[in-house]
There are 2 protein chains.
Amino acid sequence: MINVLQVGLGPIGLQIVKYITERKNIQIVGGVDIDPQKAGKTLNKLCDFNAPEVPVFASVSDALKKVTPAVAILTTVSKLTQIESQIATIAEHKLNIVSTCEELTYPWYTAPEIANRIDESCKKHDISCLATGVNPGFLMDYLPSVLTSVCQRVDHVAVSRIQNATPRRKPFQQKIGVGLSRNEFDQQRAAISHVGLPESVWMIAGALQWELDNVKETLQPVIADEKITFGTEVLATGKNRGVEQIATGYRDGKEVIVLKFRAAIGEQEPHDTVAIKGQPSFTSTIPGGVNGDVATAAITINAVRSAQKLDAGLKTMLDVAVPAFSL
Amino acid sequence: MINVLQVGLGPIGLQIVKYITERKNIQIVGGVDIDPQKAGKTLNKLCDFNAPEVPVFASVSDALKKVTPAVAILTTVSKLTQIESQIATIAEHKLNIVSTCEELTYPWYTAPEIANRIDESCKKHDISCLATGVNPGFLMDYLPSVLTSVCQRVDHVAVSRIQNATPRRKPFQQKIGVGLSRNEFDQQRAAISHVGLPESVWMIAGALQWELDNVKETLQPVIADEKITFGTEVLATGKNRGVEQIATGYRDGKEVIVLKFRAAIGEQEPHDTVAIKGQPSFTSTIPGGVNGDVATAAITINAVRSAQKLDAGLKTMLDVAVPAFSL
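Values in this document were obtained by computation on a predicted structure and should not be read as measured data. (Residues numbered from 1 in each chain as written. Chains lettered and ligands numbered in written order. Predicted model: local features only at pLDDT ≥ 70, side-chain atom pairs only at ≥ 80, totals over all residues. Heavy atoms only, no water.)

## Some points on the overall build of chain A
Moving on, step 1. What chain A contains, in helices and strands, is 11 helices and 15 strands.
Moving on, step 2. Expected size for 327 residues packed as a compact globule is a radius of gyration near 20 Å; at 20 Å, chain A falls within 12% of this value.
Moving on, step 3. Split into buried and exposed, the 327 residues of chain A put 59% on the buried side.
Moving on, step 4. For chain A, contacts bridging at least 24 residues in sequence account for 70% of all contacts bridging at least 6.
Moving on, step 5. A total of about 13300 Å² of accessible surface is found on chain A, and carbon and sulfur atoms cover 47% of it.
Moving on, step 6. Charge centroids of chain A, computed over 33 positive and 34 negative side chains, lie 4 Å from each other. (Helix = DSSP H or I, 4+ residues; strand = E, 2+ residues; numbered from the N terminus. Rg over C-alpha atoms; globule rule 2.2 N^0.38 Å. Buried < 20%, exposed > 50% of the residue type's maximum accessible area, 1.4 Å probe, protein only. Contact = heavy atoms within 4.5 Å. Areas by Shrake-Rupley, 256 points an atom, 1.4 Å probe, with all protein chains shown as cover. Lys, Arg positive; Asp, Glu negative; His and termini not counted. Charge placed at Lys NZ, Arg CZ, Asp CG, Glu CD.)

Spelled out as structure tokens, the structure:
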């Protein structure tokens, strides 16, 4: 039985708590959240499902006076600058970390100084720190890296994750800017932008041991060219129906990796596809795509077992043995 | 630069030699083959491509008096009973091993006593031993295990590898019994049978930590129900056009893993497909499938890097970090 401290009780954190209650070999021994509305209650009080009656603390330090987890699952922020101090604190308490922080999945090239400081902090306290998730962390970086295992030569890797936002929840539709005008989209680019796409490019390059010249990222609105009815709502022609984000890696002046993420109302053929050009060339497709909400919580839990076997330091999905569902 | 001793200079061994000559960070320092026609020559003499001018020895012991490899790539036999003593000899010389021996990919349940003896021998001499390949080793075991990483629950795993033998070389067509009558097929079942399918079932179960009741395997001819013309040849109605082999794993009396391998002349839609039922359920398909000859040689070479980082003992693909193309 692996004892987990769940640090961060937002939507992803609570979904992980829910999923852990359905598992046999892993359990939550406490929660941590800085929200004063949450700390001091039991986890069960914060959940609309049958969560364990374990305490929620205001800090990791407070938690470790009362409970003895082996691993902290850290689902607080997406940005590396914000998570660095959180990792340092957990490291001092000698807990291995599995995180969903997008920028932490492969920060060696996007933020090498912070990555090195986190790595040193983890090594100093003899813990491992691994970030995972469905994207970044699996579909657009780890899985394509795995697929190159059967290649004698790789010339180009293209990954596309195309999602139909029509059946998704309102917050997801709002996140991708559904219904906005072009001007409104431009004003809200920072909030609309999916975090972690450049990190995925760098992870694939790392797997292939390619030194890239640079990685470029673009973000475009997807404009409705006809009226779209979805659920009880109507999207007028010319309004935004979603987002298309592309990250491209260049090596010796040539495009070698291109990752396309598109999520929009009315997408006709959602899918997750990896296309490898080389020897052999082949395409691997998941028609319909993988549900991101389920998958991010699931792979985070599944990665706990693999993470327990890691050497100390900041690690990535390229360092772990196959997570696989198991706990 | 990783120095490799290529042990076994049959078709797979020679293809690995060829592919290594195309790589940058790995090189062959010698070959080993028991065939007296081969030992004593240079590797280049045995190849129809520009192989290195390195010696071919009659035994690993002879080789290690002259060359200093870090890894032995072992491509001699498919059967565990035959490879055990070969591994023991290489282990005594303290070389890490990467092998294509099909029964070695996951022998923990099919032949636990031999597996344990190999494991002990490797640990005693502080070396690692890993078997890989495209099938077994990747498409029907490792890749489905990887795909379960995004699952909160797995109920059933089905993998199908459907190959069209029409464009393949004559030896492959002969291997799968093309042109045989039903009687001839039955007489030649042992030679036609693809080795390693039960091992793949057990590997998936191992990844999911499922205790299986048992694994059953069937082997059936695929009979032409009409005349088929392929190349300059004609297959009459009623003759065999290939093989269908199915391995099924049962847990608590229920089928939970089913692997179907079919290779036949005139297969219309060759593919490699993994279908997972659980939360979420999804299917991943490689239309056309992955070329087995290229892929087995390539993944064996790619796995050398991952294998160098393994602890001592008999390891499987479930123990290594993502091989990925890189060397």
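## A closer look at the interface of chain A and chain B
Moving on, step 1. Opposite the 48 residues of chain A that make contact, chain B presents 48 residues.
Moving on, step 2. Taken together, the two surfaces of chain A and chain B that pack against each other cover about 3700 Å², and 59% of this comes from carbon and sulfur.
Moving on, step 3. Counting the surface chain A buries against chain B, the share from its top three residues, V150(A), Q152(A) and F325(A), is 20%.
Moving on, step 4. Counting across the interface, chain A meets chain B through 0 salt bridges.
Moving on, step 5. Joining chain A to chain B, the criterion identifies 19 residue pairs in polar contact (both at pLDDT 80 or more). (Buried area = accessible area lost by both parts, 1.4 Å probe. Salt bridge = Lys/Arg side-chain N within 4 Å of Asp/Glu carboxyl O. Polar contact = N/O pair within 3.5 Å; in protein donor to acceptor, adjacent residues only side chain to side chain.)

## A word on the sheet that holds strand β1 (residues 2–7) of chain A
What holds strands together in a sheet is hydrogen bonding between their backbones, with the strands either parallel or antiparallel.
All names here are of chain A.
Moving on, step 1. The sheet built from 7 strands is open, its strands ordered β3-β2-β1-β4-β5-β6-β15 with parallel pairing. The two strands at the open ends of the sheet, each matched to only one other strand, are β3 (56–57) and β15 (313–315).
Moving on, step 2. Sheet topology note: the strand β2 (residues 26–32)/β3 ladder contains 2 bridges and is parallel. The residue of β3 that forms the bridge with V32 is F57. (Pairing = 2+ DSSP bridges.)

## Considering the nonpolar core
Moving on, step 1. Formed by 169 residues in total, the largest nonpolar core has its most connected members in F138(A), Y142(A), F138(B) and Y142(B).
Moving on, step 2. Apart from the residues lying within four places of it in its own chain, the contact partners of F138(B) are V146(A), L147(A), S149(A), V150(A), G133(B), L143(B), P144(B) and I299(B). (Core = buried A, V, L, I, M, F, W, Y, C linked by side-chain atoms within 4.5 Å.)

## A word on helix α5 (residues 112–124) of chain A
Residues and elements named next belong to chain A.
Moving on, step 1. In this model α5 runs 18 Å from its N-terminal to its C-terminal C-alpha over 13 residues, within 8% of the 18 Å that 1.5 Å per residue would give.
Moving on, step 2. Along α5, the residues that are buried comprise I114, A115, I118, D119, S121 and C122. Seen along its axis, α5 keeps its buried residues to an arc of 165°; they face one direction. With respect to the buried face of α5, the exposed residues turned more than 90 degrees away are E113, E120 and K124.
Moving on, step 3. Buried residues in α5 make contact with α4 (80–92), β6 (128–131) and β15.
Moving on, step 4. Directly beyond the C-terminal end of α5, a positive phi value near 55° is found at D126. (Expected span 1.5 Å × (residues − 1). Arc of directions from axis to C-beta.)

## Remarks on the domain arrangement of chain A
One frequently used descriptor of interface size is the decrease in accessible area upon assembly of the parts.
Residue and element names in this part refer to chain A.
Moving on, step 1. For chain A, the assigned domains are domain 1 (2–133 + 294–315) and domain 2 (142–289).
Moving on, step 2. Facing the 8 residues of domain 1 at the interface are 7 residues of domain 2.
Moving on, step 3. In this assembly, domain 1 packs against domain 2 so that about 760 Å² is buried in total across both faces, 74% of it on carbon and sulfur atoms.
Moving on, step 4. Area buried by domain 1 at its contact with domain 2 is led by Y106, Y109 and T110, which between them contribute 58% of it.
Moving on, step 5. For the pair domain 1 and domain 2, the number of links is 0 salt bridges.
Moving on, step 6. Counting every contact that joins domain 1 to domain 2 gives 0 residue pairs in polar contact (both at pLDDT 80 or more). (Domains from an automatic or database assignment.)

## What about the sheet that holds strand β2 (residues 26–32) of chain B?
Residue and element names in this part refer to chain B.
Moving on, step 1. Taken together, the 7 strands give an open sheet; going across it, the order is β3-β2-β1-β4-β5-β6-β15, and neighbouring strands pair in parallel fashion. Unpaired on one side and paired on the other, β3 (56–57) and β15 (313–315) mark the two borders of the sheet.
Moving on, step 2. Across the sheet, helix α4 (residues 80–92) lies against β4 (71–74), β5 (96–99) and β6 (128–131), angled at about 165° from β4, the strand it touches most.
Moving on, step 3. Packed onto the sheet, helix α5 (residues 112–124) meets β6 and β15 and runs at close to 125° relative to β15. (Axes fitted to C-alpha atoms, helices over the stretch in contact; angles between N-to-C directions.)

## A few points about the packing of α4(B) against α5(B)
Residues and elements named next belong to chain B.
Moving on, step 1. Running from amino to carboxyl end, α4 crosses α5 at an angle of 10°, the nearest separation of the two axes being 9 Å. As far as their axial angle goes, α5 and α4 are roughly parallel. Where α4 abuts α5, its residues L80, T81, E84, I87, A88 and A91 lie against I114, R117, I118, S121 and C122.
Moving on, step 2. Residue composition of the contact of α4 with α5, by class: 7 nonpolar, 2 polar and 2 charged. (Parallel < 35°, antiparallel > 145°, perpendicular 65-115°, else oblique. Nonpolar A, V, L, I, M, F, W, Y, C, P; charged D, E, K, R; others polar.)

## Concerning the pattern of salt bridges
Residue and element names in this part refer to chain A.
Moving on, step 1. One pass over the structure, following the stated rule, counts 26 salt bridges over all chains.
Moving on, step 2. Close ionic contact of D293 with R168 constitutes a salt bridge, the shortest N to O distance being 3.6 Å. Of this pair, D293 sits in helix α11 (residues 292–308) while R168 sits in the loop between β7 (153–164) and α7 (170–175), and the two are 125 residues apart along the sequence.
Moving on, step 3. Residue classification places D293 among the partly exposed residues on the basis of a relative accessible area of 30%.
Moving on, step 4. R168 sits in the buried class, given a relative accessible area of 18%.
Moving on, step 5. The salt bridge partner of E244 is R262, with a shortest N-O separation of 2.8 Å. Taken as a pair, E244 in strand β11 (residues 240–251) and R262 in strand β12 (residues 254–264) lie far apart in primary sequence, 18 residues in all. This pair shows no difference in class: E244 is buried, exactly as R262 is.
Moving on, step 6. The network of salt bridges with shared partners includes R241, E244, R262 and E267.

## Digging into α4(A)
Residues and elements named next belong to chain A.
Moving on, step 1. Compared with an ideal rise of 1.5 Å per residue, which puts 13 residues at 18 Å, α4 spans 18 Å between its outermost C-alpha atoms and is within 8% of the ideal.
Moving on, step 2. Those residues of α4 lying buried are L80, I83, E84, I87, I90 and A91. With its buried residues spanning 140° around the axis, α4 presents them on a single face. In α4, the exposed positions angled more than 90 degrees off the buried face are occupied by T81 and E92.

## Looking at a negative patch on the surface
Moving on, step 1. Residues D311(A), D319(A), D311(B) and D319(B) make up a contiguous surface patch of negative charge.
Moving on, step 2. Among the secondary structure elements, D319(B) is positioned in the segment after β15. (Patch = residues over 30% accessible without salt bridge, like charges linked within 9 Å, V, L, I, M, F, W, Y side chains within 5 Å.)

## Looking at the relation of the copies chain A and chain B
Each of the two chain copies can be brought onto the other by rotation about an axis and movement along it.
Moving on, step 1. With an RMSD of 0.0 Å, the fit of chain A onto chain B corresponds to turning through 180° and sliding 0.0 Å along the axis. Such values leave the two copies arranged in the relation of a two-fold axis. Within chain A, A321(A) has its C-alpha nearest the rotation axis, a separation of 2.3 Å. (Least-squares fit on C-alpha atoms with pLDDT ≥ 70 in both.)

## Observations regarding unusual backbone geometry
Moving on, step 1. For the peptide bond that leads from Q279(A) to P280(A), omega is -5°, which places it in the cis range.
Moving on, step 2. Relative to the helices and strands, P280(A) resides in the loop between β13 (271–279) and β14 (282–287).
Moving on, step 3. Residues N135(B) and P136(B) are joined by a peptide bond in cis, for which omega reads 0°.
Moving on, step 4. Along the polypeptide, P136(B) turns up in the loop between β6 and α6 (142–147).
Moving on, step 5. Non-glycine residue Q209(B) carries a positive phi angle of around 55°.
Moving on, step 6. Here Q209(B) lies in the loop between α10 (197–208) and β8 (214–223).
Moving on, step 7. Overall, Q209(B) belongs to the partly exposed group, its relative accessible area being 44%.
Moving on, step 8. The phi dihedral of A324(B) is positive, around 60°, even though this residue is not glycine.
Moving on, step 9. Position of A324(B) among the secondary structure elements: in the segment after β15.

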